[in-house]
Amino acid sequence: MNPQLLFWVPAVLRMSLMLLGALVLWFMFGPVVGLGAGVLGACLMIIVQLHYLYRLSRWLDNPDSEKLPDGWGAWTDIFSRLYRLRRDDEKNRTELVEWLARFRQAMSLLPDGVVIMDDVLFLEWCNPAAERHLGLKNSRDKGMRVTNLIRSPDFMDYIILGRYEHPLTLTLRERKLFVQIIPFENRRQILVTHDVTESERIEMMRRDFIANASHELRTPLTVINGFLEIASSQANLDPPTRAAHLKLMTEQGHRMQNLVEDMLTLTRLESIDYPLRPERVAIGSLLDQILEEAKALSAGRHTITVEADGPDVRGSTDELRSAFGNLVSNAVRYTPDGGSITLSWRMGKNGPQFAVRDTGIGIQAEHIHRLTERFYRVDKSRSRETQGTGLGLAIVKHVLLRHDAVLSIESKPEQGSTFIVTFPMSAVAPDAAALSGDTLATA
Ligand code: ADP
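Asks: Even after reading the chapter, I still don't get the overall build of the chain, so can you show me in this structure?
Replies: Of the regular secondary structure elements, the chain holds 15 helices and 12 strands. For the chain, whose C-alpha radius of gyration is 43 Å, the value lies well above the compact-globule estimate of 22 Å for 443 residues. Reported as C-alpha extents along the three principal axes, the dimensions of the chain are approximately 155 × 70 × 40 Å. Across the 443 residues that make up the chain, the buried fraction comes to 35%. A separation of at least 24 residues holds for 57% of the contacts in the chain among residues at least 6 apart in sequence.

Asks: Please explain the site of the ligand as it appears in this structure.
Replies: In the vicinity of the ligand lie 22 residues, with Arg333, Tyr334, Ser383, Gly390 and Leu393 positioned nearest. Within the contact set of the ligand, a nitrogen atom lies 2.9 Å away from a side-chain nitrogen or oxygen of aspartate 358. Take leucine 393: an N or O atom from its main chain is 2.8 Å from an oxygen atom of the ligand. Elements represented by at least two residues in the shell around the ligand include exactly helix H11 (317–333), helix H14 (392–402) and strand S12 (416–422). In terms of residue class, the shell around the ligand is made up of 10 nonpolar, 8 polar and 4 charged.

Asks: How should I be thinking about the packing of aromatic side chains in this particular structure?
Replies: Scanning the model with the defined rule gives 10 aromatic pairs in all. Pairing tryptophan 345 with phenylalanine 423 gives two aromatic rings, centres 5.8 Å apart and planes at 70°, and the pair type is edge-to-face. With a gap of 78 residues between them, tryptophan 345 in strand S9 (residues 340–347) and phenylalanine 423 in the loop between S12 and helix H15 (430–442) connect regions that are remote in the sequence. Phenylalanine 423 matches tryptophan 345 in its accessibility class, with the two residues each being buried.

Asks: Quick question: what am I supposed to make of the packing of helix H9 (residues 239–270) against H14 here?
Replies: A pair of packed helices is captured by two measures, namely the crossing angle of their axes and the spacing between those axes. Two numbers describe how H9 lies on H14: the axes approach to 10 Å, and their chain directions differ by 25°. When the axes of H9 and H14 are compared, the pair comes out roughly parallel. Helix-helix and strand crossings are classified by hand; for H9 and H14 the assignment is left-handed. On the side of H9, the interface is formed by Asp262, Thr265, Leu266, Leu269 and Glu270, while H14 contributes Ala394, Ile395, His398, Val399 and Arg402.

Asks: In this structure, what is going on with the side chain of arginine 377? I would like to understand it.
Replies: Looking at the secondary structure, you find arginine 377 in the loop between helix H12 (365–368) and helix H13 (380–385). Since its relative accessible area comes to 10%, arginine 377 is described here as buried. Of the polar contacts made by the side chain of arginine 377, one reaches the backbone oxygen of threonine 389; its length is 3.1 Å. With near-sequence residues (within four places) excluded, arginine 377 lies in contact with Glu216, Ser383, Arg384, Gly388, Thr389 and Gly390.

Asks: When you look at H11 in this model, what are you seeing that I'm missing?
Replies: Because an α-helix completes one turn every 3.6 residues, residues spaced three or four positions apart along the sequence face the same direction. In a regular helix each residue adds 1.5 Å, so 17 residues correspond to 24 Å; H11 covers 23 Å between its end C-alpha atoms and thus fits that length. Counting buried residues in H11 gives 14 out of 17 residues, a clear majority hidden from the surface.

Asks: Looking at this structure, I do not really get the nonpolar core. What am I missing?
Replies: In a soluble, globular protein the nonpolar side chains are often hidden away together inside. Counting residues in hydrophobic clusters, the biggest one holds 45 residues, and the most contacted among them are Leu320, Phe324, Leu327, Trp345, Phe354, Val356 and Phe423. Sorting the residues of this core by element identifies helix H8 (197–233), H9, helix H10 (283–298), H11, S9, strand S10 (352–358), H14 and S12 as the ones contributing at least two each. Among the elements that take part in this core, H11 stands out by supplying 7 residues, more than any other. When residues of this core are sorted by domain, at least three fall in each of domain 3 (205–270) and domain 4 (279–442). Judged by nonpolar contacts, the second largest core, of 21 residues, contains Leu121, Ala130, Val146 and Leu172.

Asks: Help me out: how do you make sense of the domain arrangement of the chain in this one?
Replies: A common way to state how big an interface is: give the accessible area lost once the parts meet. One can read the domain layout of the chain as domain 1 (3–100), domain 2 (110–195), domain 3 (205–270) and domain 4 (279–442). Relative placement of domain 2 and domain 4: their C-alpha centres are 50 Å apart.

Asks: Please clarify how the packing of H11 against H14 should be interpreted in this entry.
Replies: Remark: H11 packs on H14, axes separated minimally by 9 Å, with the N-to-C direction vectors making an angle of 145°. Read as a crossing pair, H11 and H14 show a hand that is left-handed. Residues Glu319, Leu320, Ser322, Ala323, Asn326, Leu327 and Asn330 of H11 pack against Gly392, Leu393, Ile395, Val396, Val399 and Arg402 of H14. A breakdown of the residues in the contact of H11 with H14 according to their chemical character gives 7 nonpolar, 4 polar and 2 charged.

Asks: I tried to follow the sheet that holds S9 on my own but got confused; where do I start?
Replies: Within a beta sheet, neighbouring strands are joined by backbone hydrogen bonds and run either parallel or antiparallel to one another. The 5 strands lie next to each other as S7-S9-S10-S12-S11, forming an open sheet whose pairing is mixed. Every interior strand has two partners, whereas the edge strands, strand S7 (303–308) and strand S11 (406–412), have only one. Averaged over neighbouring strand pairs, the angle between their axes works out to 10° when direction is ignored. With 7 bridges connecting them, S11 and S12 associate as antiparallel partners. The residue of S12 that forms the bridge with serine 411 is serine 417. The sheet contacts of H11 involve S7, S9, S10, S11 and S12, and relative to S10 the element is tilted by about 20°.

Each value, and the rule that gives it
Residues numbered from 1 in each chain as written. Predicted model: local features only at pLDDT ≥ 70, side-chain atom pairs only at ≥ 80, totals over all residues. Heavy atoms only, no water. Helix = DSSP H or I, 4+ residues; strand = E, 2+ residues; numbered from the N terminus. Rg over C-alpha atoms; globule rule 2.2 N^0.38 Å. Buried < 20%, exposed > 50% of the residue type's maximum accessible area, 1.4 Å probe, protein only. Contact = heavy atoms within 4.5 Å. Near = heavy atom within 4 Å. Polar contact = N/O pair within 3.5 Å; in protein donor to acceptor, adjacent residues only side chain to side chain. Nonpolar A, V, L, I, M, F, W, Y, C, P; charged D, E, K, R; others polar. Phe/Tyr/Trp six-rings, centres within 6.5 Å; stacked < 30°, edge-to-face > 60°. Axes fitted to C-alpha atoms, helices over the stretch in contact; angles between N-to-C directions. Parallel < 35°, antiparallel > 145°, perpendicular 65-115°, else oblique. Left-handed = near helix turned anticlockwise from the far one by under 90°. Expected span 1.5 Å × (residues − 1). Core = buried A, V, L, I, M, F, W, Y, C linked by side-chain atoms within 4.5 Å. Domains from an automatic or database assignment. Pairing = 2+ DSSP bridges.

Set out below in structure tokens:
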């Protein structure tokens, strides 16, 4: 039935009943009694209405703590409707609070900074990424002017010019940020920050790498082209000079080939499409091969020894051959004639270790942390003289990363260096683990 009818019908019925009662009393006891009863009834109804109005007003004053009164007559319907409204309101409020919590959590997980400000740049809220990027603190800085918090002349200019359609590049707290203000609603603005420090660093590395690689390739090419020009302009070069030129050209050709091969190796090692396929690496035969290569490179100029009593590991034989081979070839190339080089493979306390110790030229401490950077060389001319590409230790670093192994370097200038590769215990090949356990137990 129509709710309006539900409301009016009982009310009209009640009033009709009261009127009827008053008329009956009028006819039975005369007009005074009839009128008196009518007035009394009307007064009673007014008192009841006033009572419920008072309860309603008290409830409206404090709807959260006051219990909603039970009503009488039409009030029952009013109160039950109010009760329903309040219940819906509470449900909406709970949903809103939950939604807000979810929104805040999502915002706090965003890698980009978000600052909400009013139209005159007073901070209303910011997420943790904005706190990190801009040095703000939501709880502390709320209500403060953002221009007083981000003290940067570039940011001030950006605000003054108001050209918000383009982002501003800002260097702040040793980070490079893209900052943009986006007006929203009528009187609010969002400031968004995006940290580009890492991508800039990668971009710079890429530029450096291309510049270095081009430079490295240009040098041998210039030499080869020079000799080719001489050969074509001077047809009757004497045989010894021609032979010397050919020898130099061949050397430069090899140098370019080594460089391209190292660059391809590095690219492959960094590629996600080239996952490590671990196999059992027979360290004994691997070290034999590396020793042979080292002896060939040294051509009898050094004393090279191997001490191996560690277990086999799981990994890529080719990659470890390349990494260990690079360390050993460096030891040969940077150790003057007559020096000694020791290769060792042992079970260390944190895992198997491969160490290359030489009595060579050594490295000054300030260079050590940069040696694995591409094309980083302590002495460029010495590296080139010995056919170095400047990529050997970068390859070592990437191979070790793929094997969860770490490289440590100890060195003293003029005394020699030790390059140590430590594998995790988990790299030990399963049956070799039992074997080395026996060996250790009986040692
Ligand atoms: P390169 O091809 O120039 O040898 P690497 O990446 O293999 O490039 O090594 C980087 C630099 O580290 C070398 O140029 C050299 O200065 C230094 N270095 C590497 N190994 C040794 C070593 N055993 N003794 C002295 N210096 C070394």
